[in-house]
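As a plain string of letters, each chain reads:
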Amino acid sequence: MALLEVDNLRVEFPTRRGTLVAVDDVSFAIDEGEVLGVVGESGAGKSLTGTAIIGLLEPPGRVAGGEIRLEGKRIDKLPPDQMRRIRGAKIGAIFQDPLTSLNPLYRIGTQIVETVLTHTDLTPTKARMRALELLKEVGIPAAEHRIDHYPHQLSGGMRQRVVIALALCANPRLIIADEPTTALDVSIQAQILALLRRLGRDHGTAVMLVTHDMGVIAETAHRVAVMYAGRIAEIGAVRQVVGRPRHPYTVGLMGSIPAVGRDQERLTQIDGAMPRLTDIPRGCAFNPRCPHAFDRCFADRPDPIAMADGKVACWRFDQAEAAAEVGHA
Amino acid sequence: MPDHLPPVPPPTAPAVPPHGRRPDDAELIRDPLVEVQGLAKYFDVSKPFLNRVFEGAPRRLLRAVDGVDIKIPRGETFSLVGESGCGKSTVARTIVGLYRPSRGTVMFEGTDLATLTRRAARMPFHRRVQMIFQDPFASLNPRWRVLDIIAEPIRAHRLAKSAQEVRERVAELLTQVKLTARDGEKFPHEFSGGQRQRISIARALASNPDFLVCDEPTSALDVSVQAQILNLMKDLQRELGLTYLFISHNLAAVYHVSDWVGVMYLGRVVEWGAKRTVFSTPRHPYTRMLLDTIPDITMSGRERMPVGGEVPNPIDPPPGCPFHPRCPHANERCVAELPASKVSEQGSHVACHGVEEGRIPTHAAPGAKVGLGKG
Ligand SMILES: Nc1ncnc2c1ncn2[C@@H]1O[C@H](COP(=O)(O)OP(=O)(O)OP(=O)(O)O)[C@@H](O)[C@H]1O
Ligand SMILES: Nc1ncnc2c1ncn2[C@@H]1O[C@H](COP(=O)(O)OP(=O)(O)OP(=O)(O)O)[C@@H](O)[C@H]1O
Ligand code: SF4
Ligand SMILES: [Mg+2]
Ligand SMILES: [Mg+2]
């Protein structure tokens, strides 16, 4: 049994102009000690998937279908106070916007100590030691000084690391990390990623790592899910998805990455934009931008098709094609 | 306060360049749009007064920026790189006038910003200089509709004649950043992280600035939208002659957009020069380590080499060269004496005793292994 199981998750926003389906029929699982990378176009529903799992969707947003199970128990229908306890103790969340998790009026040390005291039975002195240790672990230099600083006195990257320390302080079973390293330079980033991997290896912590950085994915994740317009376009082992992408969107995504030393006047971009939630086309949501679209793509929506090494929601990989691929592998 | 700052580089080239040497990079910049000289910004991070009295805690100054000299040529892109906390955002905020420098000057088209004290004198500057902040969420007023957020600079600077014209301009800006005109009706919380970042880009472009400071403008964007935004930045530069100060920890994006690159370490610029020079022949030991950390997506599972050693502390900076505790080439002089910025054979500006003394050989950049020259 996987640590986290998400089955057919659907997230909706009722609006004046009808219901927006922001996450549509998303299924995946994360094992103990496993890092699942989640990538995809801006607005694809990555953050909402994470927010739904931790039960923090803001109304009118709601989970309209599917199941979320943590250690085999459903958590998508829990009353708010029970969910709050699970969130502190079992699930650690690192939000995309570090400032929302930090209170500007309190010193960062105070905020971490409070959280440690709420979720563990450490004494205040021990809790402060734990806070200091965490700040060091996430690479805050001169942590003894910094522990007494206010959020605005830290640089952008330091604030991001304080948020990570907050998410780790109760030793959660699952960490949902939404773009945890965007404001970090490569060497601190490497340190944080090593820390996440170590938690998985030593404590069996599972990580859902949302990021747009393929370098981070390649280095940290075991498996990757690629999202597009609220659905999973492709999911599979990292080598497969990064090294031999199959879904045409994933292929385009890999091509848009700039590289040092490659002199290009313009970066390759996937032409067009992801459809707004209000006008997702019939058939495959990627069809207006897909170089390979054929009749079927305009008529039916593809569900993820199981392949040798993952799943791909693309009609090109249905039956005959899929059989050929499996033969190859 | 330290009394020895690196001297301002001489306006003319050093005597007799060796045969065949390219002109020094700074010589190529004749008429900079922005010129920063000896810039320093210190923050007081002392404990509250009473604690100081009772605990005998000392006054503490945090030297966020400590002696920065750069020139940004008109119509080009200058990037600042360096590890988290080295002072990039502080330089940026000081250049746009959000912080008053503790020392040094910021000149915009030859005018010292410190002399613009009257509001009337500052208004044109505020229109011409815009900043995209590192925390895009914090910089968008949650109670305003996106339309009003983007229209605010247009209204403040009276750049449109009618309400209709304001709407049209906002719609145009939204389309430019790959959102739609209809998105103007929504509130910031209805957008994803990357979409909010694009809203702040649209707002920054609204007043038709000449100089745009972009602090991690694409950090929350997926690569395909990032590609669109970086391409848009380049298009605007070509069409409107925009000048950029670009801050990013994504060295590949920096390589793509920049003409010039400055490498910061603990509040100082330790190396700066033309992009190609710095990336292909980095001289400062820190620059080399930094370039060594460039991720490589083709090597799945590889652990990168982080810059080793203790990350320094701007409250208590080491004496001499700020990099010496982590530098494999440090000697006694490095521990004692702050290196001044000198022009290297490659034309870049490097503040390192080892390079000046010829102890550190030039060798191909680590960047070469990720395909320098392949394109
Ligand atoms: N409160 C809301 N009301 C209406 N729509 C919303 C709301 N919150 C999010 N959305 C929409 O849901 C979609 C998915 O948003 P989400 O934040 O999950 O994207 P994301 O994949 O995390 O993108 P990014 O990479 O830009 O952070 C977006 O199109 C967004 O506009
Ligand atoms: N308002 C402030 N008060 C006190 N210290 C500050 C303030 N702003 C920045 N600092 C300190 O100045 C130093 C430089 O910060 P800055 O934000 O310029 O770094 P940065 O290079 O932008 O880092 P990052 O990549 O993490 O954003 C840091 O040590 C930070 O803690
Ligand atoms: S001055 Fe000395 S310590 Fe500093 S980078 Fe150069 S060799 Fe290293
Ligand atoms: Mg997001
Ligand atoms: Mg910053």
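Points about the overall build of chain A
Looking only at helices and strands, one finds 13 helices and 12 strands in chain A. Whereas a compact globule of 329 residues would reach a radius of gyration of roughly 20 Å, chain A reaches 21 Å, a difference of no more than 12%. Dimensions along the principal axes, computed over C-alpha positions, put chain A at roughly 65 × 50 × 40 Å. Approximately 13500 Å² of chain A is accessible, and the part contributed by carbon and sulfur atoms is 52%. Looking at charge distribution, chain A has the averaged site of its 39 positive side-chain charges lying 3 Å from that of its 39 negative ones.

What about the pairing of strand S2 (residues 18-30) of chain A?
Residue and element names in this part refer to chain A. Pairing analysis gives 9 bridges linking strand S1 (residues 4-15) to S2, with the strands arranged antiparallel. Counted as the bridge partner of Pro-14 is Thr-19 from S2. Once S1 ends, the chain turns through 2 residues before running back antiparallel as S2.

Focus on the site of ligand 2
Of all residues adjacent to ligand 2, which total 22 residues, the nearest are Gln-153, Ser-155 and Gly-157 of chain A together with Ser-84 and Thr-90 of chain B. More than a single chain frames ligand 2: its nearby residues are located in chains A and B. One nitrogen or oxygen atom from the side chain of Ser-155 of chain A is found 2.7 Å from an oxygen atom belonging to ligand 2. A distance of 2.7 Å separates an oxygen atom of ligand 2 from a polar backbone atom of Gly-157 of chain A. Coverage of ligand 2 by the protein chains reaches 94% of its 640 Å² of free accessible surface. Residues of the shell around ligand 2, tallied by class, amount to 9 nonpolar, 11 polar and 2 charged.

Let's talk about the nonpolar core
Membership of the largest hydrophobic core comes to 93 residues, with the highest contact counts inside it found for Leu-4, Phe-28, Ile-53, Ile-91, Ile-112, Leu-135 and Leu-174 of chain A. Formed jointly, this core draws a minimum of three residues from each of two domains, domain 1 (4-90 + 170-259 + 268-328) and domain 2 (91-169) of chain A. In this structure Leu-4 of chain A touches Phe-28, Ala-29, Ile-30, Ile-53, Ile-68, Arg-69, Leu-70 and Leu-174 of chain A, once residues within four positions along its chain are discounted. Listed in part, the 52 residues of the second largest apolar core include Leu-174, Ile-199, Leu-205 and Leu-230 of chain B.

Digging into the pattern of salt bridges
Residue and element names in this part refer to chain A. Scanning the entire structure with this criterion turns up 43 salt bridges over all chains. The partner of Glu-71 in a salt bridge is Lys-90, with the nearest N and O atoms 3.0 Å apart. Here Glu-71 is found in the loop between strand S4 (62-70) and strand S5 (73-74), whereas its partner Lys-90 is found in the loop between helix H2 (80-89) and strand S6 (91-94), with 19 residues between them in sequence. Under the relative-accessibility criterion, Lys-90 is labelled partly exposed at 32%. What you see here is one network of salt bridges that share partners, running through Arg-10, Glu-12, Asp-24, Arg-62, Arg-231, Arg-301 and Asp-303.

Topic: the sheet that holds S5 of chain A
Adjacent strands of a sheet form backbone hydrogen bonds with each other and so pair up, either parallel or antiparallel. Residue and element names in this part refer to chain A. If you walk across this open sheet you meet the 4 strands as S2-S1-S4-S5, and the pairing is antiparallel. The open sheet has two free edges, formed respectively by S2 and S5, since each of these has just one partner strand. On the sheet, helix H1 (residues 46-53) packs against S1, S2 and S4 and is oriented at approximately 110° with respect to S1.

Things to note about the confidence of the model for chain B
Residues and elements named next belong to chain B. The share of residues in chain B with pLDDT of 70 or more is 82%, and the mean pLDDT across the chain is 82. When mean pLDDT is taken per element in chain B, strand S9 (residues 260-265) scores highest with 96 and helix H1 (residues 49-55) scores lowest with 73. Between residues 297-303, whose pLDDT stays under 50, and residues either more than four places distant or in other chains, the model counts 15 contacts.

Some remarks on the sheet that holds strand S6 (residues 129-132) of chain B
All names here are of chain B. Strands sit in the order S6-S7-S8-S3-S9-S10-S12-S11 across an open sheet of 8 strands; the sheet is mixed. Each of the sheet's edge strands pairs with one partner strand only, and the pair in question is S6 and strand S11 (342-343). Pairing of strand S7 (residues 211-215) with strand S8 (residues 243-247), which is carried by 5 bridges, proceeds in the parallel orientation. Counterpart to Val-213 in the pairing with S8 is Leu-245. Contacting S6 and S7, helix H6 (residues 193-205) crosses the sheet at an angle of about 175° to S6.

With respect to unusual backbone geometry
Residue and element names in this part refer to chain A. Residue Pro-59 is joined to Pro-60 through a cis peptide bond whose omega torsion reads 10°. Its place among the elements puts Pro-60 in the loop between H1 and S4. With a phi angle near 50°, Ala-142 is a residue other than glycine that sits in the positive phi range. Secondary-structure assignment places Ala-142 in the loop between helix H5 (124-137) and helix H6 (143-146). Accessibility expressed as a relative area gives 15% for Ala-142, which makes it buried.

What to know about the pairing of S7 of chain B
Residue and element names in this part refer to chain B. Where burial is concerned, most of S7 is hidden: 5 out of the 5 residues are buried. Of the two faces of S7, the one lined by Phe-211, Val-213 and Asp-215 and the one lined by Leu-212 and Cys-214 are each fully buried. Pairing of S6 with S7 involves 4 bridges; the strand directions are parallel. Bridging across to S7, Ile-132 finds its partner in Cys-214.

Structural notes on the packing of aromatic side chains
Where two aromatic rings form a pair, the distance of their centres and the angle of their planes describe that pair. Applying the stated criterion across every chain yields a total of 12 aromatic pairs over all chains. For the ring pair Tyr-228 of chain A and Tyr-249 of chain A, a centre distance of 4.8 Å and an interplane angle of 50° mean the geometry is tilted. Of this pair, Tyr-228 of chain A sits in strand S9 (residues 223-228) while Tyr-249 of chain A sits in helix H11 (residues 248-255), and the two are 21 residues apart along the sequence. In this pair, the class of Tyr-228 of chain A matches that of Tyr-249 of chain A, namely buried. The interplanar angle of 85° and the centroid separation of 5.4 Å between the aromatic rings of Phe-108 of chain B and Phe-125 of chain B together place this pair among those described as edge-to-face.

Comments concerning the site of ligand 3
Surrounding ligand 3, one finds 13 residues, the nearest of these being Cys-321, Cys-327, Cys-334, Cys-352 and His-353 of chain B. Considering only residue class, the shell around ligand 3 consists of 8 nonpolar, 5 polar and no charged.

Observations concerning the domain arrangement of chain A
A common way to report how large an interface is uses the accessible area buried once the components associate. All names here are of chain A. The domains assigned to chain A are domain 1 (4-90 + 170-259 + 268-328) and domain 2 (91-169). Put simply, the middle of domain 1 and the middle of domain 2, counted by C-alpha atoms, are 28 Å apart. Each side of the interface is counted separately: domain 1 has 32 residues, and domain 2 has 20 residues. Taken over both partners, the interface formed by domain 1 and domain 2 buries close to 2100 Å², and the fraction arising from carbon and sulfur atoms is 61%.

Some points on the packing of helix H4 (residues 108-119) of chain A against H5 of chain A
Residues and elements named next belong to chain A. Closest axis-to-axis distance for the H4/H5 pair is 9 Å, and the angle between their directions is 120°. Relative to H5, H4 is oriented oblique. Along this stretch, H4 crosses H5, giving a crossing that reads as right-handed. Two secondary-structure elements touch here, H4 through Ile-108, Ile-112, Val-113, Val-116 and Leu-117 and H5 through Pro-124, Ala-127, Arg-128, Arg-130, Ala-131, Leu-134 and Leu-135. A breakdown of the residues in the contact of H4 with H5 according to their chemical character gives 10 nonpolar, no polar and 2 charged.

What counts as what
Residues numbered from 1 in each chain as written. Chains lettered and ligands numbered in written order. Predicted model: local features only at pLDDT ≥ 70, side-chain atom pairs only at ≥ 80, totals over all residues. Heavy atoms only, no water. Helix = DSSP H or I, 4+ residues; strand = E, 2+ residues; numbered from the N terminus. Rg over C-alpha atoms; globule rule 2.2 N^0.38 Å. Areas by Shrake-Rupley, 256 points an atom, 1.4 Å probe, with all protein chains shown as cover. Lys, Arg positive; Asp, Glu negative; His and termini not counted. Charge placed at Lys NZ, Arg CZ, Asp CG, Glu CD. Pairing = 2+ DSSP bridges. Near = heavy atom within 4 Å. Polar contact = N/O pair within 3.5 Å; in protein donor to acceptor, adjacent residues only side chain to side chain. Nonpolar A, V, L, I, M, F, W, Y, C, P; charged D, E, K, R; others polar. Core = buried A, V, L, I, M, F, W, Y, C linked by side-chain atoms within 4.5 Å. Buried < 20%, exposed > 50% of the residue type's maximum accessible area, 1.4 Å probe, protein only. Domains from an automatic or database assignment. Contact = heavy atoms within 4.5 Å. Salt bridge = Lys/Arg side-chain N within 4 Å of Asp/Glu carboxyl O. Axes fitted to C-alpha atoms, helices over the stretch in contact; angles between N-to-C directions. pLDDT = per-residue confidence, 0-100. Phe/Tyr/Trp six-rings, centres within 6.5 Å; stacked < 30°, edge-to-face > 60°. Buried area = accessible area lost by both parts, 1.4 Å probe. Parallel < 35°, antiparallel > 145°, perpendicular 65-115°, else oblique. Left-handed = near helix turned anticlockwise from the far one by under 90°.

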